[in-house]
Amino acid sequence: GGIPESVVAGAFGIQLGGRNWYRGVPSDRPLLGEALRARTADDIRRSVVMLYATTAAFVLLTAALGAVAWDDALRRWLAVHAAPDASGVKKTDKGETWRRKRGDAGAGDGPCRRRTGAWGCGRVGRRLERYGHGGDWVTARQRFGWRDDGKVLDFSANLNPLGPPPSVKAVLADALRWVTRYPDPACRALRARLARRYGLDAEHVLVTSGGAEGIDLVVAAAAPRRVGVIAPSFGEYEEAARKRGIPVTVLIARPEDGFVPDPSAVVDGFREADLVFFGQPNNPTGHLYPPVWLRDVLEASGGAGR
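Residues numbered from 1 in each chain as written. Predicted model: local features only at pLDDT ≥ 70, side-chain atom pairs only at ≥ 80, totals over all residues. Heavy atoms only, no water.

Caption draft 1: Up close: the pattern of salt bridges. For the structure on display, the rule yields 15 salt bridges. One salt bridge connects R37 with D43, and the closest N-O pair in it is separated by 2.7 Å. Take R37: its relative accessible area is 31%, and that puts it in the partly exposed class. When the shortest N-O distance is used, the salt bridge between R191 and E203 registers 3.8 Å. Of this pair, R191 sits in helix α6 (residues 188–198) while E203 sits in the loop between α6 and α7 (211–222); the two residues are 12 residues apart in sequence, bridging distant segments of the chain. If you follow the salt bridges from partner to partner, you end up with R37, D43 and R46 in one network. (Salt bridge = Lys/Arg side-chain N within 4 Å of Asp/Glu carboxyl O. Buried < 20%, exposed > 50% of the residue type's maximum accessible area, 1.4 Å probe, protein only. Helix = DSSP H or I, 4+ residues; strand = E, 2+ residues; numbered from the N terminus.)

Caption draft 2: Structural view of the packing of α7 against helix α8 (residues 235–242). Taken N-terminus to C-terminus, the directions of α7 and α8 make an angle of 40°; their axes are 9 Å apart at the nearest point. By the angle class used here, α7 and α8 are oblique. As for the relative orientation of α7 and α8, their crossing is right-handed in sense. Judged by residue contacts, A212, I215, D216 and V219 of α7 engage E236, Y237, A240 and A241 from α8. (Axes fitted to C-alpha atoms, helices over the stretch in contact; angles between N-to-C directions. Parallel < 35°, antiparallel > 145°, perpendicular 65-115°, else oblique. Left-handed = near helix turned anticlockwise from the far one by under 90°. Contact = heavy atoms within 4.5 Å.)

Caption draft 3: Structural view of the pairing of strand β1 (residues 16–22). Of the pairings in the sheet, the one linking β1 to strand β2 (residues 25–32) comprises 6 bridges and is antiparallel in character. Bridge pairing in β2 links Y22 to V25. The antiparallel pairing of β1 with β2 creates a hairpin that spans 2 residues between the two strands, and R23 there sits at a positive phi of about 55°. (Pairing = 2+ DSSP bridges.)

Caption draft 4: Summary view of the side chain of D43. Mapped onto the fold, D43 is located in helix α2 (residues 42–81). Judged by relative accessible area, D43 falls into the buried class, the value being 7%. Discounting chain neighbours no more than four positions away, the residues touching D43 are F12, I14, R37 and A38.

Caption draft 5: Expanded view of the side chain of D216. Relative to the elements of secondary structure, D216 occurs in helix α7. Owing to a relative accessible area of 18%, D216 belongs among the buried residues under this scheme.

Caption draft 6: Focus on the nonpolar core. Formed by 15 residues in total, the largest nonpolar core has its most connected members in I215, V219, V227, Y237 and F277. For this core, the secondary structure elements donating two or more residues are α7, β7 (227–231), α8, β8 (248–252) and β9 (275–277). Excluding its chain neighbours within four sequence positions, the residues that come into contact with V227 are A241, I246, P247, V248, T249, A273, L275 and F277. In this structure, A253, V260, A273 and Y289 belong to the second largest nonpolar core, which totals 11 residues. (Core = buried A, V, L, I, M, F, W, Y, C linked by side-chain atoms within 4.5 Å.)

Caption draft 7: Structural view of the environment of V207. Within the secondary structure, V207 sits in the loop between α6 and α7. Taking the C-alpha atoms as reference, V207 lies 9.3 Å from R188; in sequence the two are 19 residues apart. Excluding residues that lie within four positions of it along the chain, V207 makes contacts with C187, L190, R191 and L194.

Caption draft 8: Seen up close, the environment of L294. Structurally, L294 can be placed in helix α10 (residues 291–303). Along the sequence, L294 and P263 sit 31 residues apart, while their C-alpha atoms lie 8.2 Å from each other.

Next comes the structure, spelled out in structure tokens:
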């Protein structure tokens, strides 16, 4: 066909087409390419090699994409169907996801379950989850016919539904005069004020682009062998570990306990973890861990030689 012939002509700097002979019958075809050099018999061999090489590259690319899709599908299947063992802990072969079964939470249609990048509570939340964290309102309106009347609450991000107070709006409006400048990449003025506020050296203050970057930097700096997370919680804790190949232990907290598990269950469930995340306040539940609970967890961890 003309398409592969034009590719060969352009790649080799030769001209194809013109008068061709088929079974002794001449056939005039449009000229393809520019005759930058004369054609040789070796061009036939080179074109065959190029054909096989491009075919092999296409097959390899298709296989790689298929492997990625299969791996993702397998992870999702294992997250749903991998059965817990006698101790109540469920370990999947892919990614070494551990989940401690607490009552009915974490199995079947429990209050929350991990999906694709963040936690969605209930059937609706799990069906909506796609882009990590943060609500996809356009998809929600299209799929469920919701009206954007403020009556639907988004628990996928810890944002105040009432919006910023007037004082914050005034500061933002005043800051618009600096919109033509890039901000200080070292955040020196902010770090200095935070240091004064908390009695620290400014060199000990790190300003990040949101909490997600801070979480990622903590995991990168600590380089833990295993990370512990109490779920439901912010999806970035688990994501920061998994993208580095670090296994994650997930302890499912029950809503009837106020999403605050017993300290002994925390110590026992995270015995192999050397980095554990607690959201304070937690996202998406919004609850706070009582100071006495945090003290009991720390004391129990120290008693266990941690």
